[in-house]
Amino acid sequence: MDTLFGKTLSELKQVCEQFSLPGFAAKQMADWLYKKGVTSISEMTNISLKGRASLSECYTVGLTEPVSVMVSKDGTKKYLYQYGERDFVEAVLIPDKDRATLCISTQVGCKMNCQFCATGRQGFSRNLTCNEILNIIRSLPEFSCLTNIVYMGMGEPLDNYDNVVRSIEILTSEWGFAMSPHRITVSTSGYLKRLKDFLDQTKVHLAVSLHNPIPQERERLMPIEKSYKIKDVVELLKQYDWKSQRRLTFEYIVFEGLNNQKRHILALLRLLDGLFCRINLIKFHTIEGTPYIAASEQSMEKLRDTLSSKNTICTIRASRGEDILAACGLLSTKKILENGRDNTTMEGK
């Protein structure tokens, strides 16, 4: 059966036409789905009994709870969601004082094959639907406490463009969850094919995975450089205003000796010259089968201070959830398929 949760207002209007329901019923359904949080069509009591019966023959609301959770010693939680028989994705909840940030996935696996990322080394299975992306958010036990959402989990969001943009529409529309777009960030490895569309059609923050400003070296880390060069990505970004409410961040995992030398700093400053942005330095979390070494904390602080002295906004991202493989670059469900489903049960069950 098809699902109602995850449909935009225009799609709900099409459903109304399909069942000869009045046009205003679409907004009623959106209200039930995204504001009142119903889990069944029968709860939509301002839609006629006959209408609800007809809808129930072809549709369900379509919410699925996470199947397990792992809790880090630092309070980070990693949730596992199962879609279908063999499709698993992970999401990470990061509590921090009065903030609660949820890192969500957009694909089962990833096509980008970044050499330092467990998801990329897992390979690609399929795109998540809009329903499945939003279900990660809505079915989270801590949903009511969420303050920020980042599309930085498994997959390349712009490679699943239509479903990602529809999910953002539902999150930010008044008829949907009415969330401020400035509480949402989408990360991309530099998928230039859909980047302009994304910038023109949304108002959310953007994070670009850079990791090395020297093209030949970046290509060895990130094969996407062969198809979409980072210099072309930056040239496009320079056409937009980043000094207002929308924020542009470049993510930079620091590898010892690989991307933190003087030549990298100079190349980075040249590449981003004239672009209002910030650089977020990230600790490399070792994954099996890679030769890369994480830079020391002292080395990362030196890089930060050097870039900051050049009038570049530069910060170091705190590492969270490494002990449960929830930190940056560690999400992967490959072993779940190889070894059977994770036997960690939901808290309180």
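As a starting point, this report considers the structure included with it. (Residues numbered from 1 in each chain as written. Predicted model: local features only at pLDDT ≥ 70, side-chain atom pairs only at ≥ 80, totals over all residues. Heavy atoms only, no water.)

At a closest axis distance of 12 Å, the pairing of helix α6 (residues 161-172) and helix α7 (residues 192-201) adopts a crossing angle of 10 degrees. Put simply, α6 runs roughly parallel to α7. The residues of α7 that touch α6, namely those facing Y161, D162, V165 and I168, are R194, D197, F198 and Q201. A per-class count over the contact of α6 with α7 returns four nonpolar, one polar and three charged. (Axes fitted to C-alpha atoms, helices over the stretch in contact; angles between N-to-C directions. Helix = DSSP H or I, 4+ residues; strand = E, 2+ residues; numbered from the N terminus. Parallel < 35°, antiparallel > 145°, perpendicular 65-115°, else oblique. Contact = heavy atoms within 4.5 Å. Nonpolar A, V, L, I, M, F, W, Y, C, P; charged D, E, K, R; others polar.)

Regular strands show a simple pattern: their side chains alternate between the two faces of the sheet. Bridge analysis of strand β3 (residues 68-71) against strand β4 (residues 77-83) gives four bridges, and the strand direction is antiparallel. Its bridge partner being in β4, V71 is matched across the sheet by K77. Once β3 ends, the chain turns through five residues before running back antiparallel as β4, passing G75 with a positive phi of about 95 degrees. (Pairing = 2+ DSSP bridges.)

All right, on to the sheet that holds strand β10 (residues 184-188) then. In spatial order, the strands read β3-β4-β5-β6-β9-β10-β11-β12-β13-β14; together these 10 strands make up an open sheet with mixed pairing. Looking along the sheet, the strands with just one partner apiece sit at the ends: β3 and β14 (313-316). Averaged over all adjacent pairs, the angle separating strand axes in this sheet is 20 degrees, with direction ignored. Relative to strand β6 (residues 99-103), strand β5 (residues 87-96) runs antiparallel, the two sharing five bridges. Counterpart to L93 in the pairing with β6 is L102. Relative to the sheet, helix α5 (residues 130-138) contacts β4, β5, β6 and β9 (148-151), its axis offset from that of β4 by approximately 140 degrees. The strands that α6 touches are β9 and β10; relative to β9, the one it contacts most, it runs at about 175 degrees.

Covalent bonding between the sulfur atoms of two cysteines is what defines a disulfide. The full count for this structure, using the stated rule, is zero disulfides. Just so you know, C110 is unpaired, no disulfide at all, and the nearest cysteine sulfur is the one on C114, 6.5 Å from it. The exposure class of C110 is buried, given its relative accessible area of 10%. Of all cysteine sulfurs, the one in C114 lies closest to C117, which takes part in no disulfide; the gap is 6.2 Å. (Disulfide = S-S within 2.5 Å. Buried < 20%, exposed > 50% of the residue type's maximum accessible area, 1.4 Å probe, protein only.)

The next thing to look at is the pairing of strand β11 (residues 205-209). Burial within β11 is extensive, with five of its five residues counted as buried. Of the pairings in the sheet, the one linking β10 to β11 comprises four bridges and is parallel in character. By the bridge assignment, V186 is partnered in β11 with L206. Two elements, β11 and strand β12 (residues 248-254), share four bridges in a ladder whose sense is parallel. Looking at β12, one finds that A207 is bridged to T249.

Turning to the side chain of N259, a few remarks are in order. Checked against the element boundaries, N259 lands in the loop between β12 and α11 (262-271). Within the structure, N259 has its side chain in polar contact with the backbone oxygen of H211 (distance 2.6 Å). Reaching out from N259, the side chain makes a polar contact with the backbone oxygen of I253 at a distance of 2.6 Å. The residues contacting N259, other than those within four sequence positions of it, are H211, N212, Y252, I253, V254 and H264. (Polar contact = N/O pair within 3.5 Å; in protein donor to acceptor, adjacent residues only side chain to side chain.)

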